[in-house]
There are 2 protein chains.
Amino acid sequence: MTDHVDTAWAPAGEARDGHRPIPASSAWRPGDHPGQRRFAHVGVIPLEGDPRGELDVTLAYETWGELNEARDNAVYVAHAFTGDSHVVGAAGPGHLTGGWWEDLVGPGKVIDTDRYFVVSANVVGGCQGSTGPAHPHPEDGRPWGSSFPYVTLHDQVVAEARLADLLGVDVWALVIGPSMGGMRAVEWAATFPERVRAIGAIGTTAATTADQISWHAAQAAAIRLDPGFHGGDYYDRPDGEGPHHGLGLARVIAHTTYRSAPELNERFGRSVQDGDPLRPEGFFAVESYLDHHADKLARRFDANAYLRMLHAINTHDVGRGRGGVEAALSRYEGEALVVAIDSDRLFPLSDAERLAGALPRAELVVLHSEIGHDGFLVPESGLNDAVAGLLDRVAVGAAA
Amino acid sequence: MTDHVDTAWAPAGEARDGHRPIPASSAWRPGDHPGQRRFAHVGVIPLEGDPRGELDVTLAYETWGELNEARDNAVYVAHAFTGDSHVVGAAGPGHLTGGWWEDLVGPGKVIDTDRYFVVSANVVGGCQGSTGPAHPHPEDGRPWGSSFPYVTLHDQVVAEARLADLLGVDVWALVIGPSMGGMRAVEWAATFPERVRAIGAIGTTAATTADQISWHAAQAAAIRLDPGFHGGDYYDRPDGEGPHHGLGLARVIAHTTYRSAPELNERFGRSVQDGDPLRPEGFFAVESYLDHHADKLARRFDANAYLRMLHAINTHDVGRGRGGVEAALSRYEGEALVVAIDSDRLFPLSDAERLAGALPRAELVVLHSEIGHDGFLVPESGLNDAVAGLLDRVAVGAAA
């Protein structure tokens, strides 16, 4: 019943406490190997919610392909919560994981990097190279930690627009992303409607719901409960291993919301990891699977960044200060593809229906998947065809 | 949008850190006011899973009504996870909460205590008076804590059968319960099929699923992450306040699974507790609501008992050692009522269908409720009519 990928992993406990220690933070920090990242100082951006009101921002980003002379072939890929700018490419120095959307993006793919100029930046407040809580504070050079502002998705999109300016992209042919990336695509449509010809919003919502906020509340509490969190100032402590247990627990909660119950039941059932079916905790195969995902995230993410992302998602309401969701999106005249996954229990179809209903020119596509929210990463779900159709409608693609 | 019950409560943070300290454990302990409890020393019971193999057990229980001469009017009410024996009655000394099933049980109610002899015992391993981790170890008189065995639902049912012996109940007219209580009703049918004329299994399952185990894994990890847990030996520490933050977080996760997403969304939406919609965490009304439930549970439960209950539920598989669920239940010739709540996302309809399919004489009733799993507590859901029908079928009720 269990997947071959997971059975290779150590049983619960060992996976977390194994021989390879987990660092206090797995954030990329200035001085680390840049990998494929480039860096753009986009300057001081205003902050919606932070009392300090502004933040000096550098974005770490990656690009593929070339901007054509008409400058009409640029596509922005907005990464999800724990995602990053490494949309395409191998894992290696500077990149802990390989490209996460290579089924959709690359040479000869639907978002064809031989035709399109593809850009993806790491979000402000994250941990993959853009200005974030693990970075040195400009005044004392020590990590921001607890003092890093709680940015919003709107703040992040404002920074992304500054990057577009620097890259010479006046108008994106397409801004597309899954989950939190889809929220930013929607925020782009509301904030800069004249700068986007099409958006692709996958497994996402126009305004985060109480149910989603509930799951996020548990994740934030898990991080803060970890004695290694130290209020957010856990970097470079000689006595601390960081809040990786809390971060891991946050991931366990999140990961369960990302998968469907039928998929978990079908895949793991009541299978056990060893011969003792009544041992307390940690013996069910599904527990080992979740523990593996906890461990994996703790080795590639940063707890303060995780809290900033939760906040950005929780405060996501494209209608805030704009007279509501419908009013906010009515000004957007571009094309829109809204994709729901039928088994998604975190972002249910009703969220996609509301979003599509508020966008003047939206196509709503419901993908079939057993997996749940994570189903957007599965190529055979039909996502690629839907995106190809969207690109056809905006008639992008003059060769570079 | 918010419910009047919740708006009376302090905002998040204050609810947990308010002026009334939370004890290290809210377990009932020997010497505390007994309330309506009686106590029965049921003796040494075998333990399925613990290497020590046995446990000397005293059960704390309550009764209502009288056993009739024919001794055929006894009803056993099996409480849920964090429930207790106080099915009927006011809160007061010894009882932190009022009767939890007064809509169904009491004088003139469907389970009429003027006709039936109703019994409910607190489970072994719990924290409401029966032998449990907060109780003194028989050898040194200090709390069991971490050394308390991980009991199973089968162990609990064996202890309940001993209590039935002592009370002169050879055969229950009905064993009924919600959630974990329903699991024990099912376990009764498999372990003592000749001693039960009817079971009522509400919002429950024949064998706990991978999805349910996943939610439980997060809850167990939350308790263990709390630095106040001290490996389970947190009782009576001069330096410790107990793992109530971890226990509270476990409750936040659990409570979210107990409610439906549409109910949370309808009830709370994106309402905020104060005027600042971009404050980091703790400002959404739904967060305050969850925090209130965290606080409430920490004031009435014990973290070690919570872990024992998780284990008992996770290891629940009525077919274990019996050739599977269907074989285990095929020997039971009594009546069965299996109730699903249509909005229950923790114990979905498919679980009830499987359970009803395995019981030779089962009626499956699907209740409509917006609430989710917790919907079994709502009287207008139709539960009372379904139970009344079940009691009619077993023709119980000669006057005492």
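Reading the values: the criteria
Residues numbered from 1 in each chain as written. Chains lettered and ligands numbered in written order. Predicted model: local features only at pLDDT ≥ 70, side-chain atom pairs only at ≥ 80, totals over all residues. Heavy atoms only, no water. UniProt positions renumbered as here; feature names shortened; annotations may be inferred. 1 Å grid on protein atoms, 1.4 Å probe; cavity = no way out; pocket = protein on both sides within 12 Å on 5 of 7 lines; lining within 4 Å. Helix = DSSP H or I, 4+ residues; strand = E, 2+ residues; numbered from the N terminus. Contact = heavy atoms within 4.5 Å. Core = buried A, V, L, I, M, F, W, Y, C linked by side-chain atoms within 4.5 Å. Buried < 20%, exposed > 50% of the residue type's maximum accessible area, 1.4 Å probe, protein only. Buried area = accessible area lost by both parts, 1.4 Å probe. Salt bridge = Lys/Arg side-chain N within 4 Å of Asp/Glu carboxyl O. Polar contact = N/O pair within 3.5 Å; in protein donor to acceptor, adjacent residues only side chain to side chain. Least-squares fit on C-alpha atoms with pLDDT ≥ 70 in both. Points joined across faces, edges and corners; volume = space filled by probe spheres on them. Nonpolar A, V, L, I, M, F, W, Y, C, P; charged D, E, K, R; others polar. Pairing = 2+ DSSP bridges. Expected span 1.5 Å × (residues − 1).

Trainee: Requested: an account of the UniProt feature "active site" (unreviewed entry) in chain A, with residues and values cited.
Mentor: Residues and elements named next belong to chain A. According to UniProt, the "active site" (unreviewed entry) feature falls on Ser179, Asp344 and His373. Annotated residues spanning 195 residues; largest pairwise C-alpha distance 11.0 Å, indicating a single compact cluster. Set against the second largest pocket, the annotated residues that line it come down to Ser179 and His373. Within the secondary structure, Ser179 is located in the loop between β7 (174-178) and α4 (180-191). Ignoring any residue separated from it by four or fewer positions in sequence, one finds Ser179 in contact with Ala80, Ile202, Gly203, Thr204, Phe347 and His373.

Trainee: Outline the nonpolar core, listing residues and values.
Mentor: Counting residues in hydrophobic clusters, the biggest one holds 96 residues, and the most contacted among them are A:Leu249, A:Tyr306, B:Leu249 and B:Tyr306. Counting residues in each nonpolar core, the second largest holds 51 residues, with A:Ile45, A:Val57, A:Val186 and A:Ile199 among its members.

Trainee: Before we move on, could you go through the interface of chain A and chain B and cite the residues and values that matter?
Mentor: Opposite the 53 residues of chain A that make contact, chain B presents 53 residues. In this assembly, chain A packs against chain B so that about 4,000 Å² is buried in total across both faces, 69% of it on carbon and sulfur atoms. Seen at the junction of chain A and chain B, the total is four salt bridges. Note that A:Arg345 is salt-bridged to B:Asp211, the shortest N-O span being 2.7 Å. At the surface where chain A touches chain B, the tally comes to twelve residue pairs in polar contact (both at pLDDT 80 or more). At the level of elements, α5 (210-225), α6 (244-258), α7 (261-268), α8 (285-298) and α9 (303-314) of chain A are the ones that each hand at least two residues to the side of chain A that touches chain B. Residue contributions to the side of chain A that touches chain B peak at twelve residues, all from α5(A).

Trainee: Talk me through the relation of the copies chain A and chain B; I want residue IDs and the actual numbers.
Mentor: When chain A is brought onto chain B, the operation consists of a screw motion whose angular component is 180 degrees and whose axial shift is 0.0 Å, with 0.0 Å RMSD remaining. Here the copies are linked by what is in effect a two-fold axis. Here 100% of the interface residues in chain A have copies in chain B that are interface residues too; the copies meet face to matching face.

Trainee: Help me get a handle on the UniProt feature "binding site: substrate" (unreviewed entry) in chain A, residues and values and all.
Mentor: All names here are of chain A. What UniProt calls "binding site: substrate" (unreviewed entry) maps, in this numbering, to Arg251 and Asp374. Look at the named residues: they lie 124 residues apart in sequence, but the longest C-alpha span between them is just 13.5 Å, so in the fold they bunch up. Here the residues from the annotation list that line the second largest pocket are Arg251 and Asp374. Here Arg251 shows up in helix α6. Once you skip the residues sitting within four places of it in the chain, Arg251 turns out to touch Thr82, Tyr258, His293, Ala294, Leu297, Arg300 and Tyr306. Inspection of the secondary structure puts Asp374 in the loop between β10 (362-367) and α12 (383-394). In contact with Asp374, other than residues within four places in its own chain, are His255, Tyr258 and Arg259.

Trainee: So, the layout of surface pockets: which residues are in play, and what are the values?
Mentor: Over the atoms, a rolling probe the size of a water molecule traces out where space has been left empty. Size it by volume and the largest pocket reaches roughly 1,200 Å³. Lining the largest pocket we find 47 residues, and of these B:Thr97, B:Arg251, B:Lys296, B:Arg300 and B:Leu377 sit closest to its centre. Sorting the residues of the lining of the largest pocket by element identifies α1 (4-7), α6 (244-258) and α8 (285-298) of chain B as the ones contributing at least two each. Residues belonging to the lining of the largest pocket are distributed by class as follows: 17 nonpolar, 16 polar and 14 charged. Every element with two or more residues in the lining of the second largest pocket is listed here: α1 (4-7), α4, α6 and α8 of chain A. In terms of residues, the lining of the second largest pocket owes the most to one element, α8(A), which gives five residues. Residues that form the lining of the second largest pocket fall into these classes: 17 nonpolar, eleven polar and eight charged.

Trainee: I'd like to hear about unusual backbone geometry, residue by residue, with values.
Mentor: Most peptide bonds are trans, and most residues other than glycine sit at a negative phi. Within the chain, A:Ser179 stands out as a residue other than glycine whose phi angle is a positive 55 degrees. We classify A:Ser179 as buried; its relative accessible area is 10%.

Trainee: Residue-level account of the pairing of strand β2 (residues 54-64) of chain B, with values.
Mentor: Residue and element names in this part refer to chain B. The element β2 is largely enclosed, with a buried count of eight among its eleven residues. With eight bridges connecting them, strand β1 (residues 38-46) and β2 associate as antiparallel partners. Opposite Ile45, over in β2, you have Leu55 as the bridge partner.

Trainee: Can you tell me about the pattern of salt bridges, naming the residues and giving the values?
Mentor: Inspection of every chain in the model, using the stated rule, returns 34 salt bridges over all chains. Two residues, A:Glu326 and A:Arg354, come together in a salt bridge whose shortest N-O distance is 4.0 Å. Placement of A:Glu326 in helix α10 (residues 325-330) and of A:Arg354 in helix α11 (residues 349-358) is noted, with a sequence separation of 28 residues between them. Judged by relative accessible area, which is 40%, A:Glu326 ranks as partly exposed. Residue classification places A:Arg354 among the partly exposed residues on the basis of a relative accessible area of 41%. A salt bridge links B:Glu263 to B:Arg267, with the nearest nitrogen and oxygen atoms 3.1 Å apart. With a gap of four residues between them, B:Glu263 and B:Arg267 both fall in helix α7 (residues 261-268), about one helical turn apart. Across the pair, exposure class does not vary: B:Glu263 and B:Arg267 are buried alike.

Trainee: Mind laying out α9(A), listing which residues take part and the relevant values?
Mentor: Counting along an α-helix, one turn takes 3.6 residues, and residues three or four places apart therefore face a common direction. In this model α9(A) runs 16 Å from its N-terminal to its C-terminal C-alpha over twelve residues, within 8% of the 16 Å that 1.5 Å per residue would give. Along α9(A), twelve of the twelve residues are buried, which leaves the element largely enclosed by surrounding structure. When we look at burial in α9(A), the residues that qualify are A:Ala303, A:Asn304, A:Ala305, A:Tyr306, A:Leu307, A:Arg308, A:Met309, A:Leu310, A:His311, A:Ala312, A:Ile313 and A:Asn314. On its buried side, α9(A) packs onto α3 (153-167), α4, α5, α6 and α8 of chain A together with α8 of chain B. For α9(A), the N-terminal cap is A:Asp302; the gap from its side-chain oxygen to the backbone nitrogen of A:Asn304 is 3.2 Å.

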